[in-house]
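Below are the chains, spelled out letter by letter.
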Amino acid sequence: MERGKLIVEKVEGKSTLTRCLSKYPMKFIVPKKVGSSQTDVVWIYTITYGGGIVSGDSIAFDFTVADSCIAVLTTQSSTKVYKSIASKCSQQLLEASIGRDALLVVIPDPVTCFSTARYSQTQNFTLATDSSLLLVDWITSGRHERGEKWAFSYYKSTNRILLQDGEPLFLDTTLLEQETHGAISDRMKDYQAIAMIVLLGPKLQQIQKQTEEDVKKIMSQQFSFPSNSSSKPDMKPDFVASCSRFGPKGMGVVVRVASMTTEAIYSFLQHQLASMEELVGAPPYR
Amino acid sequence: MEGLGDANEINARCLSASFPQLWSQWQLLDSILPTGGFAHSFGLEAAMQSRLVTTTDDLKTYVIHVLENAGSLLLPFICATTISPDAQTLRRLDRLLNAMLTNEVSRKASTAQGSALMRVAASVFSEIPCLKTMRGEALSSGELYFHHAPVFGLVCGLLGFDAETTQKAYMFVTMRDIISAATRLNLVGPLGAAVLQHQVAPVAESLSTKWMNRSVDEACQTCPLLDTVQGCHSYLFSRLFCS
């Protein structure tokens, strides 16, 4: 199956999109200017024809961010995955390669799977030791205003971060499948959205530290009262987040979030990633 | 008469070959084995302090979710080292699991338990000298993280257990340890804990059957909420457990 292709490389010293091939049903939109013209960055929006991923769709593309370039991959709105027909599974595959001193920022809106949808996505990132990657991967419970809460049939998201010699740095596959031992909603309790944020590389060191401190502050407030306190006796926190270091010398940070509202995660992302404006010209998730 | 004698001798030999194995199996699954499993709550302490688990019903559900996640994420690693209990396989799977345990709390718990198990097994099962040599080489080279699941599979494999038994045994010790943590967290009394363990056993059996014998490429986590909450362990105001 032929794949889409994106290449961002330096042309006359500026990060430039030199190759842009999209394959139906995916389309790339590349605005000429995002934010300040001083910033050296290329923003790419992915959209799907029909406004969402239809049962059985298969989308794949390669993305190369050459040495010292900065590229942003994002969406215009939540990626909707429509219901599965005849148990077909839709798939999306991204193979990205980030060069030396380069930065790739992947900041999509969340995936929203409709009732009975089946969806699988794989994102593989190959990095040099001084590459940087900001990856946000998240999902909502579905069209919860229609009462669809974790009503999809199958969702699998695989994210792999490897060094150029093939050494695995970060491997994560999250699988949510309706099954005999309990609906997905049992595992999610009342939380309606979950997110994973990966911060890796020299360009993101400051954000890593700030995020660790902020998450610790937010969560310590949740736990500072002993469990038999009369304040908030039986209430789960609306928002739960935790940070972990990973990789040699703790070079990467992964943040996991569960929230009762999608808005709270947008808010969190907006706040934590605000300082990215300096690198990418505009604040993510504004 | 001679024929019968031969049959009896063969029978006796077979039985005597499996007896030491049976006693080793029981010892490995006994919570008295000093592997430090009692220091870990599998995120239960954080789940309690965030009010995600408050009743014994919540606890039962929690145990089942942890078992499901252990099945989906860790059984492939157990299976692989049980079938190939050698240093090369151990090293490869240990590194792979280290990249997959992205939750720092569970990653540290895994290496602590794995190191302890390797140390105990090398001392206890002296009839398997390669345990001691493998451990020694790994310690001096600094190459191994000693993650629990691959080490567990390796020890069982070297003791001659089959893959199915080993994978179920791992699910058993996981269930045993969370329920034990629950009693120390006063979520359930010792008798209630024993009743709960028996109630969950058929679920553990079917989860084992569902997730066993898969390749490590298929390893995945199935309870992201659990992972998120367990990651909060270091934010707890006061804690009894390491994880």
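Because the structure is predicted, anything quoted here is derived from the model rather than measured.

**Details of the overall build of chain A**
Within chain A one finds four helices and 18 strands. The C-alpha atoms of chain A give 19 Å as radius of gyration, which agrees with the globular expectation for 286 residues (19 Å, within 12%). Principal-axis analysis of the C-alpha atoms places the extent of chain A at approximately 65 × 45 × 35 Å. Out of the 286 residues in chain A, the part that is buried amounts to 55%. Partitioning the intrachain contacts of chain A with sequence separation of at least 6 by distance along the chain shows that 72% fall at a separation of at least 24. Approximately 12400 Å² of chain A is accessible, and the part contributed by carbon and sulfur atoms is 49%. With 31 positive and 29 negative side-chain charges, chain A shows a spacing of 3 Å between the two charge centroids.

**Quick look at unusual backbone geometry**
A cis amide bond links Y24 of chain A with the next residue in sequence, P25 of chain A, at an omega value of 5°. Within the element layout of this structure, P25 of chain A appears in the loop between strand 2 (14–21) and strand 3 (26–29). Positive phi outside glycine occurs at D101 of chain A, with the angle close to 60°. In this structure, D101 of chain A sits in the loop between strand 9 (90–98) and strand 10 (103–107). Even without a glycine there, the phi angle at R51 of chain B is positive, about 60°. For R51 of chain B, the position within the fold is in the loop between helix 2 (44–49) and helix 3 (56–83).

**Considering the interface of chain B and chain A**
Opposite the 36 residues of chain B that make contact, chain A presents 42 residues. Here chain B and chain A share three salt bridges between them. In this structure, the salt-bridge partner of K210 of chain B is E179 of chain A, at a minimum N-O distance of 3.1 Å. For the pair chain B and chain A, the number of links is 15 residue pairs in polar contact (both at pLDDT 80 or more). Among the secondary structure elements, those contributing two or more residues to the side of chain B that touches chain A are helix 2, helix 3, helix 4 (87–100), helix 5 (104–124), helix 9 (190–211) and helix 10 (224–230) of chain B. Split by residue class, the side of chain B that touches chain A holds 18 nonpolar, eleven polar and seven charged.

**Concerning the pattern of salt bridges**
Taken as a whole and judged by the stated rule, the model has 19 salt bridges over all chains. Across the pair K168 of chain B and E205 of chain B runs a salt bridge whose closest N-O atoms are separated by 2.7 Å. Taken together, the residues span a long stretch of sequence, with K168 of chain B in helix 8 (residues 163–184) and E205 of chain B in helix 9 at a distance of 37 residues. Judged by its relative accessible area of 23%, K168 of chain B falls in the partly exposed class. By relative accessible area, which is 38% here, E205 of chain B ends up partly exposed. Residues R214 of chain B and E218 of chain B are paired through a salt bridge, measuring 3.7 Å at the closest nitrogen-oxygen approach. For R214 of chain B, a relative accessible area of 28% corresponds to the partly exposed category. Several salt bridges share partner residues, and in doing so they unite E179 and R187 of chain A together with E68 and K210 of chain B into one network.

**Quick look at the pairing of strand 3 of chain A**
All names here are of chain A. Alternating positions in strand 3 separate cleanly, M26 and F28 being buried on one face and K27 and I29 remaining unburied on the opposite face. Relative to strand 4 (residues 42–48), strand 3 runs antiparallel, the two sharing four bridges. The residue of strand 4 that forms the bridge with F28 is T46.

**Description of the state of the cysteines**
Residue and element names in this part refer to chain B. The final tally for this structure, using the stated rule, is zero disulfides over all chains. Between C220, a cysteine without a disulfide, and C223, which holds the nearest cysteine sulfur, the sulfur-to-sulfur distance is 10 Å. According to the relative accessible area criterion, C220 is buried, its value standing at 2%. Of all cysteine sulfurs, the one in C232 lies closest to C242, which takes part in no disulfide; the gap is 17 Å.

**Regarding the nonpolar core**
Ranked by internal contacts, the top residues of the largest apolar core, which has 167 residues, are F63, L104 and F125 of chain A together with L44 of chain B. It is helix 3 of chain B that contributes the most residues to this core, twelve residues altogether. Residues in contact with L104 of chain A, not counting those within four places in the same chain, are F63, V65, A71, A96, I98, F125, S132, L133 and L134 of chain A.

**Some words on the packing of aromatic side chains**
Residues and elements named next belong to chain A. What the rule picks out here adds up to 14 aromatic pairs over all chains. With a centroid separation of 4.8 Å and an interplanar angle of 75°, the aromatic rings of W138 and Y266 are classed as edge-to-face. With W138 in strand 13 (residues 132–140) and Y266 in helix 3 (residues 262–272), the pair connects residues that are 128 residues apart, well separated along the chain. W138 sits in the buried class, given a relative accessible area of 1%.

**Considerations on helix 2 (residues 205–223) of chain A**
Given a rise of 1.5 Å per residue, 19 residues ought to cover 27 Å, and the 27 Å separating the end C-alpha atoms of helix 2 of chain A matches this to within 8%. If you follow the buried residues of helix 2 of chain A, they end up packed against strand 16 (193–200), strand 17 (239–246), strand 18 (252–259) and helix 3 of chain A together with helix 2 of chain B.

**Describing the packing of helix 5 of chain B against helix 7 (residues 148–158) of chain B**
Residues and elements named next belong to chain B. Two elements in contact, helix 5 and helix 7, have axes whose closest approach is 8 Å; the angle formed by their N-to-C orientations is 25°. In terms of axis orientation, helix 5 runs roughly parallel to helix 7. Crossing of helix 5 over helix 7 shows left-handed handedness. When helix 5 is examined against helix 7, the residues S110, Q113, G114, L117, M118 and A121 are found in contact with a partner set consisting of H148, V151, F152, L154 and V155. Split by residue class, the contact of helix 5 with helix 7 holds seven nonpolar, four polar and no charged.

Cut-offs used in this document
- Position labels on residues start from 1 in each chain and follow its written sequence.
- Chain letters and ligand numbers both follow the written order, the letters beginning at A and the numbers at 1.
- Reporting of local features is limited, given that this is a predicted model, to residues whose pLDDT is at least 70; pairs of side-chain atoms are given and counted only at 80 or more, and all residues count toward the totals for whole chains, interfaces and linings.
- Each side-chain value is worked out from all heavy atoms of the structure, with water and hydrogens disregarded.
- Secondary structure counts use DSSP, requiring at least four H or I residues in a row for a helix and at least two E residues in a row for a strand, with both numbered from the N terminus.
- For a compact globule the rule gives 2.2 Å times the number of residues to the power 0.38, and the radius of gyration it is set against comes from C-alpha atoms.
- Type-normalised accessible area, obtained with a 1.4 Å probe on protein chains alone, sets the label of each residue: buried when under 20%, exposed when over 50%, and partly exposed for intermediate values.
- In what follows, residue pairs with any heavy atoms lying within 4.5 Å of each other are defined as contacts.
- Every accessible area reported is derived by Shrake-Rupley at a probe size of 1.4 Å, with residue values counting cover from the shown protein chains alone.
- Positive charges come from Lys and Arg, negative ones from Asp and Glu, while His and the chain ends are left out of the count.
- In this description, the location of a charge corresponds to atom NZ of lysine, CZ of arginine, CG of aspartate or CD of glutamate.
- Any Lys or Arg side-chain nitrogen found within 4 Å of a carboxyl oxygen on Asp or Glu counts as a salt bridge.
- Polar contacts here mean pairs of N or O atoms no more than 3.5 Å apart (in protein, one a potential hydrogen donor and the other a potential acceptor; neighbouring residues in sequence count only if both atoms are side-chain atoms).
- All residues other than Ala, Val, Leu, Ile, Met, Phe, Trp, Tyr, Cys, Pro, Asp, Glu, Lys and Arg, Gly among them, are scored as polar; the first ten of these are nonpolar and the last four charged.
- Only when DSSP finds a minimum of two bridges between them are two strands counted as paired.
- We call a pair of cysteine sulfur atoms a disulfide whenever their separation is within 2.5 Å.
- The nonpolar core is taken to be a set of buried Ala, Val, Leu, Ile, Met, Phe, Trp, Tyr and Cys residues, with the residues joined through side-chain atoms within 4.5 Å.
- Classification of ring pairs rests on two measures: the distance between centres of Phe, Tyr or Trp rings, Trp counted by its six-membered ring, which must be within 6.5 Å, and the angle between planes, read as stacked under 30 degrees, edge-to-face over 60 and tilted in between.
- Helix span, expected: 1.5 Å multiplied by one less than the number of residues in the helix.
- Lines fitted to the C-alpha atoms define the axes, with helices restricted to the stretch that makes contact. Angles between their N-to-C directions range from 0 to 180 degrees.
- Between 65 and 115 degrees an angle is taken as roughly perpendicular, under 35 as roughly parallel, over 145 as roughly antiparallel, and anywhere else as oblique.
- Two helices crossing with the near one rotated counterclockwise from the far one by less than a right angle form a left-handed crossing, whereas a clockwise rotation gives a right-handed crossing.

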